[in-house]
Amino acid sequence: MQNELGEGYKFIPGDLSRVKPYDKSMRHYRMDASYLPFADGFCDVVLDTLGAMHYEAIEKWGARKLVTKLFEEYRRVLGDNGMVIIDMVTLENIKKALSVRGNVEGFTHEDIGWRNFKFRIYRKIAEKEIIGA
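Residues numbered from 1 in each chain as written. Predicted model: local features only at pLDDT ≥ 70, side-chain atom pairs only at ≥ 80, totals over all residues. Heavy atoms only, no water.

## Section: the environment of Asn81
Then, in step 1: Mapping Asn81 onto the fold places it in strand β2 (residues 78-87).
Then, in step 2: With a relative accessible area of 59%, Asn81 lands in the exposed category.
Then, in step 3: As for Asn81 and Asp44, which are separated by 37 residues in sequence, their C-alpha atoms are 7.3 Å apart. (Helix = DSSP H or I, 4+ residues; strand = E, 2+ residues; numbered from the N terminus. Buried < 20%, exposed > 50% of the residue type's maximum accessible area, 1.4 Å probe, protein only.)

Structure (C-alpha cells):
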C-alpha cells in the first residue's frame, strides 16, 4: 500500500503476530492498539480490519467498556477529519457490544463497498463542531 500511494503517506503496521487468533494469550493484541504510542492528533487514518477492535468487540465480558475505550483512544490519536475504517465483519460485534446501531460518540459513520467487501468509516467530529465543546 505504501508503494502504491507513494511517499506522501506514512504507514505504521500493528498487530503483527504469529499467535493464532482466539488463543488464550491474545490479550497481547490489546497492548498494540488500545494504548497507541502516538501523540494526540498524529494519525489521519486508522485501518482496523480484524484488528484490535475485533478482539475488543468479541470479548465475552466487558466488551462495551473495551470497545468504548478503544474508540476513545482512536479519537485521541486522530487529527481533525481523521477516520477509522473497520471491516463489516467486526461491525456486528461492535453494535452488539455497544447495544446501538453502530453510532459512536464523537464520530459520524458511513458504509462503503458492496457485498462481502463492505467497510464502515467512522469520521472524527472535530472538537469545535461538537455542540457544547
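## Digging into the layout of surface pockets
Then, in step 1: Looking at the second largest pocket, its volume works out to about 270 Å³.
Then, in step 2: For the second largest pocket, the lining is made up of twelve residues, of which Thr68, Glu72, Val104, Glu105 and Gly106 are closest to its centre.
Then, in step 3: Top element by residues in the lining of the second largest pocket is helix α4 (residues 63-77). It accounts for five residues. (1 Å grid on protein atoms, 1.4 Å probe; cavity = no way out; pocket = protein on both sides within 12 Å on 5 of 7 lines; lining within 4 Å. Points joined across faces, edges and corners; volume = space filled by probe spheres on them.)

## Section: the sheet that holds strand β1 (residues 43-48)
Then, in step 1: Read from one edge to the other, the open sheet built from four strands follows the order β1-β2-β4-β3, with strand pairing classed as mixed. Two strands in the sheet have a free side with no partner beyond their single neighbour: β1 and β3 (107-112). If you compare each strand with its neighbour and ignore which way they point, the axes differ by 20° on average.
Then, in step 2: Examined bridge by bridge, β2 and strand β4 (residues 119-124) share five bridges and lie antiparallel to one another. Residue pairing across strands places Ile86 opposite Arg120, the latter belonging to β4. (Pairing = 2+ DSSP bridges. Axes fitted to C-alpha atoms, helices over the stretch in contact; angles between N-to-C directions.)

## Some thoughts on the packing of aromatic side chains
Then, in step 1: All chains considered together, the criterion is met by five aromatic pairs.
Then, in step 2: The structure contains a cluster of three or more aromatic residues connected by ring pairs, namely Phe71, Phe107 and Tyr122. (Phe/Tyr/Trp six-rings, centres within 6.5 Å; stacked < 30°, edge-to-face > 60°.)

## Section: the pairing of β2
Then, in step 1: Along β2, eight of the ten residues are buried, which leaves the element largely enclosed by surrounding structure.
Then, in step 2: As judged from the five bridges shared by β1 and β2, these two strands associate in the parallel manner. Its bridge partner being in β2, Leu47 is matched across the sheet by Ile85.

## Points about the confidence of the model for the protein
Then, in step 1: The pLDDT averaged across the protein works out to 77; a share of 72% of its residues lies at or above 70.
Then, in step 2: The element-level mean pLDDT for the protein is lowest in helix α2 (residues 28-33), coming to 50, with β4 highest at 90. (pLDDT = per-residue confidence, 0-100.)

## Digging into α4
Then, in step 1: Between its first and last C-alpha atoms α4 spans 21 Å; for 15 residues at 1.5 Å apiece the expected length is 21 Å, and the two agree.
Then, in step 2: Of the residues making up α4, those classed as buried are Ala63, Val67, Leu70, Phe71, Glu73, Tyr74, Arg75 and Val77. (Expected span 1.5 Å × (residues − 1).)

## Concerning the nonpolar core
Then, in step 1: Counting residues in each nonpolar core, the largest one holds 23 residues, and the members touching the most others are Met53, Val67, Phe71, Tyr74, Val84, Ile94 and Tyr122.
Then, in step 2: Elements represented by at least two residues in this core include exactly β1, α3 (52-57), α4, β2 and α5 (88-98).
Then, in step 3: By residue number, the principal contributor to this core is α4, which donates six residues.
Then, in step 4: Setting aside anything within four residues of it in sequence, one finds Ile94 in contact with Met53, Ala57, Val67, Phe71, Ile86 and Tyr122. (Core = buried A, V, L, I, M, F, W, Y, C linked by side-chain atoms within 4.5 Å. Contact = heavy atoms within 4.5 Å.)

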